[in-house]
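Residue-level structure breakdown
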Amino acid sequence: MFEHRCSTRVSQDLLEFPRYRRVRRHFQGLISSQGVPSPRPDILILLNPGDTPYIVDEAARMHIPVIGFVESDTPCTHIHYPIPVSMGHVSQIYHTLVLLLGMCSRK
């Protein structure tokens, strides 16, 4: 509909979307440049999942387990492994994250 109404005034080849190209280059998602799906992550670790509920919902749809550093008022729906922390204690979060990453095997 847009092309039909505005094709005389706007040509897609003449428009540049630098912000869109920059974002797409940095956040390509799970599809590679050849169109082949990349391997899905084994687990997702979020420091404050209450601020980004859409990421948790997408991980739940893709059956990716989520480890979340949550405060007492954060909803824990779709968070498989909630770790209760206080976001004001950065050293506690850091040491827990170091412990958690030390248990993960490197490929």
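Here goes a summary of the coordinates provided. Everything numeric in this text was worked out from a predicted model, so none of it was measured.

1. Focus on the nonpolar core
One finds Leu46, Val56, Ala59, Ile64, Val66, Val70 and Ile79 forming the largest nonpolar core, which totals seven residues. Elements that contribute at least two residues to this core include exactly α3 (53-61) and β2 (66-70). The contact partners of Val66, leaving out residues within four places of it in the chain, are Leu44, Leu46, Ala59, His78, Ile79, His80 and Tyr81.

2. Thoughts on the sheet that holds β2
Taken in spatial order, the three strands make up an open sheet running β1-β2-β3, and their pairing is parallel. A strand with exactly one partner marks an edge of an open sheet, and here the two such strands are β1 (44-46) and β3 (81-84). On average, each strand axis in the sheet is inclined to that of its neighbour by 15°, with strand direction left out of account. The pairing of β2 with β3 spans four bridges and is parallel.

3. Observations regarding unusual backbone geometry
Backbone geometry at His63 places phi at a positive 60°, although glycine is not the residue there. When you line up the elements, His63 lands in the loop between α3 and β2. Under the relative-accessibility criterion, His63 is labelled exposed at 69%.

4. Some remarks on the side chain of Thr74
With respect to the secondary-structure elements, Thr74 resides in the loop between β2 and β3. In this structure, Thr74 is in contact with Asn48, Pro49 and Gly50, ignoring residues within four places of it in sequence.

5. Considering the environment of Ile55
Within the secondary structure, Ile55 sits in helix α3. The exposure class assigned to Ile55 is partly exposed, which follows from its relative accessible area of 30%. As for Ile55 and Val66, which are separated by eleven residues in sequence, their C-alpha atoms are 9.8 Å apart. Aside from chain neighbours lying at most four places away, what touches Ile55 is Leu44 and Leu46.

6. Quick look at the environment of His80
Within the element layout of this structure, His80 appears in the loop between β2 and β3. Look at His80 and you get partly exposed, because its relative accessible area is 46%. Excluding residues within four positions of it along the chain, His80 makes contact with Ile64, Pro65 and Val66.

Calculation rules
- Residues numbered from 1 in each chain as written.
- Predicted model: local features only at pLDDT ≥ 70, side-chain atom pairs only at ≥ 80, totals over all residues.
- Heavy atoms only, no water.
- Core = buried A, V, L, I, M, F, W, Y, C linked by side-chain atoms within 4.5 Å.
- Buried < 20%, exposed > 50% of the residue type's maximum accessible area, 1.4 Å probe, protein only.
- Helix = DSSP H or I, 4+ residues; strand = E, 2+ residues; numbered from the N terminus.
- Contact = heavy atoms within 4.5 Å.
- Pairing = 2+ DSSP bridges.
- Axes fitted to C-alpha atoms, helices over the stretch in contact; angles between N-to-C directions.

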